[in-house]
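Given next are the chains, with one letter for each unit.
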Amino acid sequence: MYKSLFKQTAIYGLATVLPRMFSFLLVPIYTDLLPKAAYGKVSIIFSWMIFFNVILAYGMETAFFRFYNKEANKKSVLETTTVSIFWSTIAFLFLSLLFRNALAHGSGIDVQYITYTIWILVLDALVIVPFSNLRANQRPMYYAAIKIGNVVVNLLLNLFFLLILPKVAASNPTGFLSTFYFDNFQIGYIFISNIIASLLTFIALSPNYFQIKWQFNFELWKRMMRYGLPILVAGIAFAINEQFDKILLGKLLPADIADSEVGVYSACYKLGLFMVLFRTAYTLGIEPFFFSHADKENASQTYATVTKYFVIFGSFILLAVIVFADILKVIMIRDESYWEAMKVVPLIILANFFLGIYTNLSVWYKLIDKTHIGAYISIVGAIITLVLNYLLIPKYSYYGSAIATIAAYGSMMLISYVMGNKYYPIPYDMRKIGGYLGLSIAFSILSFYFFRENYFVGATLLIVYLYFIYHNEKETLQRIMNRKSN
């Protein structure tokens with residue numbers, strides 16, 4: 001069972017890690033070519049996109065997994081979910097294009113970027129169910145191939161439009177390729193690259209739309225919506241927690257510095273990507289796993305064990321990234337003017353780790369079909385995010401946003417643990433989990449705030465931490481080694 005989980009998580013992780021690693025290449029390109037203010041504007045637009053991605057899915061992705069494993073007629077679940085997502089997406093396309101000028105005026109974003117964003121959102125929404133179907137039917141290799149292909153195309157198009165095309169246009173102004181070049185259109189090229197990549201992904205998965213009968217089970221849909229709408233609320237709250245800090249920075253800071261502050265914050269925020277990768281890959285593998293093992297006799301012990309090892313791996317990643325953060329910044333962000341926001345990096349990495357732990361702890365309310373509780377917890381996190389950002393941004397700028405993020409995710413983690421003990425007790429080994437987490441945080445503080453860029457001390461702390469893991473888990477490790485040797 002654990003072997004199957006690890007295999008699927010590894011493949012889903014590959015589908016997540018490789019694209020994000022490719023996106024690593026885009027960070028130095030964007031920060032080299034775009035002024036801080038322009039990069040800030042791009043970051044704000046992408047923040048809005050993530051927010052609307054949640055709305056366009058409206059909880060149906062998680063509802064699909066729940067009902068696909070629960071219902072006898074799996075085809076009806078697939079067809080009903082497909083029909084629902086398809087027509088809601090078409091309605092969004094029509095309405096958003098109709099009111100795009102009003103959206104541009106309200107958001108302060110150029111209407112052409114609003115138009116590009118609408119098409120990206122629509123194309124991404126139309127592949128939600130096909131991707132979910134691949135995961136539900138345990139086809140991680142095909143899933144990974146398409147996900148990686150999407151980002152490879154996006155990366156190559158970014159490289160072409162931002163680096164190659166300007167040189168071609170300069171050397172041969174009358175050539176065919178030069179007709180695609182426009183001055184000061186770097187932000188537009190970023191979005192056009194995304195549109196083309198999303199379109200090709202949709203084309204690759206479009207056979208899914210021709211393999212179903214398009215039958216809609218209204219009674220099943222109502223039950224799925226009752227399950228999914230609280231997840232939508234939770235998703236909106238999550239989007240607020242993850243992305244609204246950048247939007248609020250743009251609104252609450254003086255106009256002459258807002259976009260630049262968002263730019264440096266967003267660039268250094270990217271250094272927390274390794275924890276985001278680990279958390280995202282794990283979540284992709286674990287959600288179907290949780291549902292498929294819910295009826296097993298030892299389910300609660302399984303969840304407890306999985307959570308402990310998540311904390312072990314996550315604590316090591318937390319410490320390793322913080323120890324080598326100043327090396328990573330040179331690789332990812334070559335423009336030193338962006339480095340002023342490095343002080344937020346430890347907070348952002350730890351906040352994302354808290355979010356990963358919360359994902360593990362939140363299994364209880366999904367399994368007992370009380371997703372509304374998850375929505376309430378997420379709303380609490382969103383309120384903390386909004387209130388602290390509103391209070392702290394005017395005085396502390398993006399550092400206030402980082403504090404708000406860690407406070408929100410930490411609170412959600414603790415609330416979920418306390419409530420989970422009441423409604424669905426899971427025998428977590430809190431002594432070991434607390435020990436791994438506490439030691440990793442203590443070593444991270446020592447490394448970043450007292451011995452920053454002293455890699456002898458940092459490496460020593462990593463070795464000590466690894467020995468601590470081995471000392472506490474050696475019996476399990478020995479059993480694994482003995483099993484392999486046999």
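Everything here concerns the structure above.
Bear in mind the structure is a predicted one, so any value in this text is a computation, not a measurement.

Draft legend 1. Representation of the overall build of the protein chain in the model. In terms of helices and strands, the protein chain carries 21 helices and 0 strands. The C-alpha atoms of the protein chain give 23 Å as radius of gyration, which agrees with the globular expectation for 486 residues (23 Å, within 12%). Over its C-alpha atoms, taken along the principal directions, the protein chain stretches across nearly 70 × 60 × 50 Å. For the protein chain, the residues scored as buried account for 53% of the 486 residues in total. Accessible surface, the protein chain as shown: approximately 22,000 Å² in total, 67% of it carbon and sulfur. Distance between charge centres in the protein chain, computed from 38 positive and 25 negative side chains, equals 8 Å.

Draft legend 2. The arrangement of the environment of asparagine 150 in detail. Here asparagine 150 shows up in helix 8 (residues 140–171). Measuring from C-alpha to C-alpha, the distance between asparagine 150 and proline 140 comes to 15 Å, with 10 residues separating the pair along the chain. Contacts of asparagine 150, omitting those with residues within four sequence positions, involve Ala197, Ser198 and Thr201. Here the side chain of asparagine 150 touches threonine 201 through a polar contact of 2.7 Å, side chain to side chain.

Draft legend 3. Quick peek at helix 3 (residues 60–70). Most of helix 3 sits inside the fold, with 8 of its 11 residues counted as buried. Here helix 3 has its buried residues at Met60, Thr62, Ala63, Phe64, Phe65, Arg66, Phe67 and Tyr68.

Draft legend 4. Representation of the packing of aromatic side chains. A complete count under the given rule lists 35 aromatic pairs for this structure. Consider the rings of tryptophan 48 and phenylalanine 51, whose centres lie 6.0 Å apart with planes at 90°: the pair is edge-to-face. Here phenylalanine 51 and tryptophan 48 lie together in helix 2 (residues 36–57), a separation of 3 residues that amounts to about one turn. Its relative accessible area of 24% is what places tryptophan 48 among the partly exposed residues.

Draft legend 5. Highlighting unusual backbone geometry. Phi at tryptophan 214 is positive, roughly 60°, even though this residue is not glycine. Locating tryptophan 214 in the fold gives a position in the loop between helix 10 (207–210) and helix 11 (218–252). For glutamate 453, which is not glycine, the phi torsion reads 65° and is therefore positive. Residue placement: glutamate 453 occurs in the loop between helix 20 (430–450) and helix 21 (455–485).

Draft legend 6. View of the pattern of salt bridges. In this structure the tally under the stated criterion is 8 salt bridges. Salt-bridge contacts for glutamate 219 lead to arginine 223; the nearest nitrogen and oxygen are separated by 2.9 Å. You can see glutamate 219 and its partner arginine 223 sitting in helix 11, 4 residues apart, about one turn around the helix. Here glutamate 219 falls in the partly exposed class, since its relative accessible area comes to 44%. Here aspartate 326 makes a salt bridge to lysine 329, at a shortest N to O gap of 2.9 Å.

Draft legend 7. View of the packing of helix 5 (residues 100–107) against helix 6 (residues 111–125). Packing of helix 5 against helix 6 leaves a shortest axis separation of 9 Å and a crossing angle of 115°. Here helix 5 and helix 6 pass one another in a crossing that is right-handed. In this structure, helix 5 uses Arg100, Asn101, Leu103, Ala104 and Ser107 to contact helix 6, whose residues at the interface are Val111, Ile114, Thr115 and Ile118. Within the contact of helix 5 with helix 6, the residues separate by chemical class into 5 nonpolar, 3 polar and 1 charged.

Draft legend 8. How the structure looks around the packing of helix 2 against helix 6. Between helix 2 and helix 6, whose axes approach to 10 Å, the crossing angle comes to 35°. Handedness of the crossing formed by helix 2 with helix 6: right-handed. Along its contact with helix 2, which presents Ile45, Met49, Phe52, Asn53 and Leu56, the element helix 6 presents Tyr113, Thr117, Ile120, Leu121, Asp124 and Ala125. Split into classes, the residues belonging to the contact of helix 2 with helix 6 amount to 8 nonpolar, 2 polar and 1 charged.

Draft legend 9. View of the side chain of threonine 117. Its place among the elements puts threonine 117 in helix 6. Apart from residues lying up to four places away in sequence, threonine 117 is in contact with Ile45, Met49 and Phe191.

Criteria and cut-off values
- Position labels on residues start from 1 in each chain and follow its written sequence.
- Owing to the predicted nature of the model, reporting of local features is limited to residues with pLDDT of at least 70; listing and counting of side-chain atom pairs is limited to 80 or more, with chain, interface and lining totals taken over all residues.
- Excluded from the side-chain calculations are hydrogens and water; all other atoms, namely the structure's heavy atoms, are used.
- Numbering goes from the N terminus for both helices and strands, where a helix is a DSSP run of H or I of at least four residues and a strand is a run of E of at least two.
- Computation of the radius of gyration draws on C-alpha atoms alone. For the globule rule, the value is 2.2 Å times the number of residues to the power 0.38.
- The buried label goes to any residue with under 20% of its type's maximum accessible area, the exposed label to any with over 50%, and the partly exposed label to all in between, with areas taken from a 1.4 Å probe on protein chains only.
- A 1.4 Å probe and the Shrake-Rupley method give the accessible areas. Residues count as covered only by the protein chains that appear here.
- Only four residue types enter the charge count: Lys and Arg as positive, Asp and Glu as negative, with His and the chain ends excluded.
- Here the site of a charge means atom NZ of a Lys, CZ of an Arg, CG of an Asp or CD of a Glu.
- In this description, contact between two residues means that some pair of their heavy atoms is separated by no more than 4.5 Å.
- Between N or O atoms, a polar contact is any pair within 3.5 Å; within protein, one atom must be a potential hydrogen donor and the other a potential acceptor, and residues adjacent in sequence are included only when both atoms are from side chains.
- The rule is short: rings of Phe, Tyr and Trp, with Trp giving its six-membered ring, pair when the centres are within 6.5 Å, and they are stacked under 30 degrees, edge-to-face over 60, tilted in between.
- Should a side-chain nitrogen of Lys or Arg be within 4 Å of a carboxyl oxygen of Asp or Glu, the pair is scored as a salt bridge.
- Interaxial angles span 0 to 180 degrees and are taken between N-to-C directions of axes, which are lines fitted to C-alpha atoms, for helices over the stretch in contact.
- The handedness criterion is simple: a crossing whose near helix is rotated anticlockwise from the far helix by less than a right angle is left-handed, and one whose near helix is rotated clockwise is right-handed.
- All residues other than Ala, Val, Leu, Ile, Met, Phe, Trp, Tyr, Cys, Pro, Asp, Glu, Lys and Arg, Gly among them, are scored as polar; the first ten of these are nonpolar and the last four charged.

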